[in-house]
Amino acid sequence: MAFGDLLEQVGATGRFQVLHVTLLCLPILMMASHNLLQNFVAAVPPHYCSEHRNLSQSQLSPEEVQLITVPLDKSGKPERCQRYIVPQWHLLAKNRTSNPEEEENTDSGVNWHLVCDLRPLKQMAQTIYMGGVLVGSICPEFDLSDLRTCTAFSTSFSLFCLFRFICGMALSGLVLNSFSLIVEWIPTSVRTVVGTGTGYCYTIGQLILAAIAYFIRDWRRLTLAVGLPFYVSFLYSWWFLESARWLVLKNKPEQALKNLKSVARINGRSEEGNKIDLEESMKKELSCSQGSYSMLDLFRTPTMRTMTICLSAVWLSTSFAYYGLAMDLQKFGVDIYLIQVIFGAVDIPAKVVITLSMSFAGRRPSQCAALIMAGIAILLNLVVPYEKQTARTCLAVVGKGCLAASFNCCYLYAGELFPTVIRQSGMGWVSMMARIGAMVAPMVLLLGDYIPWLPGLIYGGAPILSGVAAIFLPETLGVPLPDTIQDHSLNLAAFWCWNSFSTIRTFGPKVCQ
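Residues numbered from 1 in each chain as written. Predicted model: local features only at pLDDT ≥ 70, side-chain atom pairs only at ≥ 80, totals over all residues. Heavy atoms only, no water.

**A word on the overall build of the protein**
Looking only at helices and strands, one finds 25 helices and zero strands in the protein. Taking all 513 residues of the protein together, 53% fall into the buried category. The contacts in the protein between residues at least 6 apart in sequence include a share of 81% that link residues at least 24 apart. Surface exposure of the protein reaches about 23600 Å², of which carbon and sulfur atoms provide 63%. (Helix = DSSP H or I, 4+ residues; strand = E, 2+ residues; numbered from the N terminus. Buried < 20%, exposed > 50% of the residue type's maximum accessible area, 1.4 Å probe, protein only. Contact = heavy atoms within 4.5 Å. Areas by Shrake-Rupley, 256 points an atom, 1.4 Å probe, with all protein chains shown as cover.)

Right under this line is the structure:
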């Protein structure tokens, strides 16, 4: 009897699974609020150079001071980062332009003067945050939940970056553990639906962020508002049961049996839970529990090495292109709150399509198609004139939707590919690759100041290349989760047997024995 059979015995889709998945999804709901927070706390509002010192005490109106101080661009609007060397007094005799209605500067980018020559610091802050997420994916055991709201009380840009780094560390460990626990307590039959539902939590989180940011314009209050819900998650997180499968493989059968009986009790199957004989049911898993595993096992065998490299490429490029699009909302010339809603809403149909595709066509073709289509949409944006903002925005939305679908697929796909004994290490590794991509993405945006088309070329080329790499991954549709590295090798052999012959019923058993 395998672990899947034990899970059916205690209840595979009962009250425990519903409550377990729901509570684990709540932190994921707010994950987007932190990953995309910088779009709002560091947004750059209209700004102009300050007036000359000799004008500070003059009797001129603000409109007149701006007229003789700041030149106009080609569209007739004041330049943001240029100023006349000396006041142009002769312009007072000509037609004047009025100053836009002044708004309260409540963005950290203005508070710390992250404009003009200091604008790259805004991208650096996002890179530092993703660096924290990277460290958190390597060391997910660190619990820094209590420090998530400290960013709101930063008194300098340096402290802001430090606390964002710590926040990234805390968030990464939480999300990795959540996905692993979700996958290991649900049966194969509903894994696709549950994985997609988990992805929708992130989608809804993007819409929640836009709503919160619209009503809370002050960046300190906004940061505090998106951080406080995690304290609630921290309080009930002590209720979660560790994966029984993982406990057995870590040579803790007594705790695994206790957890299985708890699940049976919650699902109303206490009698079946008392009949469980763990030693008889999971002989293979118990025999494997004597060994020790590390991240090096991801590269120890040729099959594991190929799979890990291909998954690394998929995760890195997906995250790289995703955050390259999602973290530069102001370039589309649309209200950032509206474009955030659009970018979030496109995930809904995208994930419906990818769910159907994963369920019927399989994980591998779905992953390949999502990445290649995203790359094509981004590359097409390079040939659309900058003046056609609507067409550019539509292509960007299509690309972002495909990347969201790719994310939805790769989280489930990677969780199914890695064996249980190294699943946490494997998910940590590919998450690390994703964070490296997310760290590099903001820096690539700065290349646009020198070669305008280069960021788009890089963002579009990376998904296409990784989509080709995903062809070398095995299919996992309908395949039980592998517990050991040997199980993974057997699954891979069966997969290639299936693909080597047109009729598995005739040829498969002869080759796969």
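**Focus: the side chain of N267**
Following the sequence through the fold, N267 ends up in the loop between α13 (253-266) and α14 (270-274). Residue class for N267 comes out buried when judged on its relative accessible area of 12%. In this structure the side chain of N267 is engaged in a polar contact, spanning 2.9 Å, whose partner is the backbone nitrogen of R15. Aside from chain neighbours lying at most four places away, what touches N267 is V10, G11, G14, R15, F16 and Q17. (Polar contact = N/O pair within 3.5 Å; in protein donor to acceptor, adjacent residues only side chain to side chain.)

**Comments concerning the pattern of salt bridges**
By the definition in use, this model includes three salt bridges. A salt bridge links K400 to D347, with the shortest nitrogen-to-oxygen separation between them at 3.0 Å. Taken together, the residues span a long stretch of sequence, with K400 in helix α21 (residues 389-417) and D347 in helix α19 (residues 347-360) at a distance of 53 residues. This pair shows no difference in class: K400 is buried, exactly as D347 is. (Salt bridge = Lys/Arg side-chain N within 4 Å of Asp/Glu carboxyl O.)

**A short note on the packing of aromatic side chains**
Across all of its chains, the model carries 15 aromatic pairs by this definition. Ring centres 6.4 Å apart and planes at 20° place the aromatic pair F157 and F160 in the stacked group. Note that F157 and F160 are positioned in helix α8 (residues 157-184) at a spacing of three residues, about one turn of the helix. For the pair shown, F157 and F160 are each scored as buried. Relative to F407, the ring of Y322 has its centre 5.3 Å away and its plane inclined at 80°; by these criteria the two rings are edge-to-face. (Phe/Tyr/Trp six-rings, centres within 6.5 Å; stacked < 30°, edge-to-face > 60°.)

**Topic: helix α17 (residues 302-326)**
Across its 25 residues, α17 extends 36 Å between first and last C-alpha, which sits within 8% of the 36 Å expected from 1.5 Å per residue. Counting buried positions over the 25 residues of α17 gives 18, a clear majority of the element. (Expected span 1.5 Å × (residues − 1).)

**With respect to the nonpolar core**
The biggest cluster of nonpolar side chains holds 96 residues, and the ones touching the most others in it are L222, L311, W315, Y322, Y323, F418 and L473. With twelve residues, the top contributor of residues to this core is α17. When residues no more than four places from it in sequence are discounted, the contact partners of W315 are C410, Y411, A414, M427, V430, S431 and A434. Residues L7, V10, A12 and A264 belong to the second largest nonpolar core, which totals 15 residues. (Core = buried A, V, L, I, M, F, W, Y, C linked by side-chain atoms within 4.5 Å.)

**Some remarks on the confidence of the model for the protein**
On average, residues of the protein carry a pLDDT of 77, and 74% of them reach 70 or more. Taken element by element, the predicted model of the protein shows its lowest mean pLDDT in helix α25 (residues 504-512) (36) and its highest in helix α20 (residues 363-380) (94). Every residue in residues 500-513 scores below 50 in pLDDT, and together they form nine contacts with partners more than four places removed in sequence or on other chains. (pLDDT = per-residue confidence, 0-100.)

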